[in-house]
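The lines below spell out each chain.
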Amino acid sequence: MSGEIKISNVTKIFNQGEAEEVTALSGVDFTIPAGSFVSLIGPSGCGKTTLLRCIAGLETPTDGEVLADGVKITKPGSDRGFAFQQANLFPWLTIRENIAFGLKARRIYRERKADVDEFIKLVGLQGFEKSYPHQLSGGMNQRASLARALVGHPKILLLDEPLGALDAFTRMTMQDEILRLKKEHNTTMVMVTHDVDEAVYLSDYVVVMTPRPAKVEKIIKIDLRHPRARGQDVFLKYRTQILEILDYAGKVQEVEYAI
């Protein structure tokens, strides 16, 4: 199982040739090693999700190309799973039926039925298989969403801020869950996030992007072993480095008032 992604000089222009033409990506060029965890971080609206959708095959680059294991991506494929910011579960299906949905759509459910049970166990949802999404917490629904994306054993899992709607403690728990699933299956994972701590905690590489049109500002290799401690000095150094690139590190200045 591989999962290398090569993003080759990708430009994406929406409404090309029209008055409201928008260039979302401009000459984005880098390679994501197989089995690695990469976070895309940058200003809101800079084009991170557009790049993720190009990898998924949901968008086609205006120029350049995206390749998975040397094959040009032109459409969605079963080798790539996608987890969205919201769980997006079907409310009329049980948790088990939601997780199994993709396998049934591909008509491989019978031979892969045991995988559904495996992933329900992996994400800690035993006993909730017959529950409906409205009966579970946001964190549990997000676990189901991750299981649904992973049950087809994709080489690549694309994560579009899947933890953004969760409270801080549930979010940290889910970060550990994602790392555990990655270790279990050696999946290449690419995540869009606005959370610098999350990027440092999870990633092998953090790709810092410029304001739109997005280009690669810097790629930072996070040279820390897992599990990582959020309070350790080297963790905070990486965090500060990324914030400085984004111009959000802040400086303490003297003021003429006090509170």
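Quick note: structure is the one above.
Here the structure is a predicted model, which is why all the values come from computation and not from measurement.

Please explain helix α1 (residues 48–56) as it appears in this structure.
At 3.6 residues per turn, the α-helix brings residues three or four places apart onto the same side. Counting buried residues along α1, seven of its nine residues qualify, which places the element largely inside the surrounding structure. Looking only at α1, the buried set comprises K48, T50, L51, L52, C54, I55 and A56. In the stretch just after α1, G57 is the one whose phi turns positive, near 90°.

I keep staring at the pairing of strand β3 (residues 37–41) and nothing clicks. Help me out?
Each regular strand shows side chains that alternate between the opposite faces of the sheet. Among the five residues in β3, five count as buried, and that is most of the element. Here β3 shows no split at all, with F37, S39 and I41 on one side and V38 and L40 on the other all buried. By the bridge criterion, four bridges tie β3 to strand β8 (residues 188–192) in an arrangement that is parallel. Bridge pairing links F37 to M189 in β8. As paired strands, β3 and strand β9 (residues 205–209) are joined by four bridges and run parallel to one another. Bridging from a neighbouring strand, I41 pairs with V208 of β9.

Help me out: how do you make sense of the nonpolar core in this one?
Where a protein is soluble and globular, its nonpolar side chains tend to be buried together. Within the largest apolar cluster, 50 residues are counted, with the highest numbers of intra-cluster contacts made by I41, I99, V116, L159 and I242. If sequence neighbours within four positions are ignored, V116 has contacts with R96, I99, A100, L103, Y109 and V151. Counting 27 residues, the second largest nonpolar core, distinct from the first, contains V38, C46, C54 and M209.

Where do I start with the pattern of salt bridges in this structure?
Note that side chains of opposite charge can pair when their charged atoms are close. For the structure on display, the rule yields eleven salt bridges. Taking the shortest distance from any N to any O, the salt bridge between E59 and K12 comes out at 3.8 Å. Taken together, the residues E59 in the loop between α1 and β4 (63–68) and K12 in strand β1 (residues 5–14) connect sequence positions 47 residues apart. One salt bridge connects K155 with D69, and the closest N-O pair in it is separated by 3.2 Å.

What exactly am I supposed to notice about the layout of surface pockets here?
Vacant regions in the atomic arrangement are exposed by a probe of water-molecule size rolled over the atoms. When its volume is computed, the largest pocket comes out at roughly 540 Å³. Lining the largest pocket are 20 residues, and of these R80, G81, F82, R148 and A149 sit closest to its centre. Within the residue set of the lining of the largest pocket, elements represented by two or more residues are β6 (80–83), α2 (95–105) and α4 (138–150). Residues that form the lining of the largest pocket fall into these classes: ten nonpolar, seven polar and three charged. If you go around the second largest pocket, the residues you meet are F37, L179, R180, K182, K183, L202, D204 and H226. It is helix α5 (residues 168–185) that provides the largest number of residues to the lining of the second largest pocket, a total of four residues.

Can you help me understand the side chain of S36 in this one?
Within the element layout of this structure, S36 appears in the loop between β2 (22–32) and β3. Leave out the neighbours within four places in its chain, and S36 touches K182, T187, T188, M189, D204 and Y205.

Just checking my understanding: could you explain the sheet that holds β9 for this structure?
By definition, the strands of a sheet pair up through backbone hydrogen bonds, in either a parallel or an antiparallel sense. Within the open sheet, the six strands sit side by side as β6-β7-β8-β3-β9-β10. Their pairing is mixed. The open sheet has two free edges, formed respectively by β6 and β10 (216–221), since each of these has just one partner strand. Strand-to-strand twist across the sheet, computed as the mean angle between neighbouring axes with direction ignored, equals 15°. The pairing of β9 with β10 spans five bridges and is classified as antiparallel. Bridging from a neighbouring strand, M209 pairs with V216 of β10. The strands that α1 touches are β3, β6, β7 (156–160), β8 and β9; relative to β7, the one it contacts most, it runs at about 155°.

For this particular structure, what's the right way to read the side chain of E198?
Note on placement: E198 falls in helix α6 (residues 196–202). The residues touching E198, leaving out its near neighbours within four places in the chain, are L163, R171, Q175, M191 and T193.

Looking at this model, I keep getting lost on the sheet that holds β4. Mind explaining?
One open sheet accounts for four strands, arranged β2-β1-β4-β5; its pairing is antiparallel. Each of the sheet's edge strands pairs with one partner strand only, and the pair in question is β2 and β5 (71–72). Bridge analysis of β4 against β5 gives two bridges, and the strand direction is antiparallel. Note that in β5 the partner of L67 across the bridge is K72. Lying on the sheet, α1 is in contact with β1, β2 and β4; it crosses β2 at an angle near 60°.

Analysis parameters
Each residue is numbered by its place in its chain's sequence as written, counting from 1. Since the coordinates come from a predicted model, pLDDT governs what is reported: local features require at least 70, and pairs of side-chain atoms require 80 or more to be given and counted, while whole-chain, interface and lining totals use all residues. The side-chain figures draw on all heavy atoms in the structure; neither hydrogens nor water molecules are used. Each residue is placed in one exposure class: buried if its accessible area under a 1.4 Å probe, protein chains only, is under 20% of its type's maximum, exposed if it is over 50%, and partly exposed if it falls in between. Under the scheme used here, helices are H or I runs from DSSP no shorter than 4 residues and strands are E runs no shorter than 2 residues, and both carry numbers assigned from the N terminus. Two strands form a pair only when DSSP identifies at least two bridges running between them. To define a nonpolar core, start from buried Ala, Val, Leu, Ile, Met, Phe, Trp, Tyr and Cys residues and group those joined through side-chain atoms within 4.5 Å. Note on contacts: a residue pair qualifies if any of its non-hydrogen atoms lie within 4.5 Å across the two residues. Throughout this description, the term salt bridge denotes a Lys or Arg side-chain nitrogen within 4 Å of a carboxyl oxygen of Asp or Glu. Points on a 1 Å grid over protein atoms alone make up a cavity when a 1.4 Å probe fits among them but cannot get out, and a pocket when they form an open set with protein on both sides within 12 Å along at least five of seven lines; lining residues each have an atom within 4 Å of a point. Grid points are joined across faces, edges and corners, and a volume is the space filled by probe spheres set on the points. Residues are grouped as follows: Ala, Val, Leu, Ile, Met, Phe, Trp, Tyr, Cys and Pro are nonpolar; Asp, Glu, Lys and Arg are charged; every other residue, Gly included, is polar. In this analysis an axis means a line fitted to C-alpha atoms, helices contributing only their contacting stretch, and an angle means the value between N-to-C directions, from 0 to 180 degrees.

In short, shape yes, function no, at least from these values alone.
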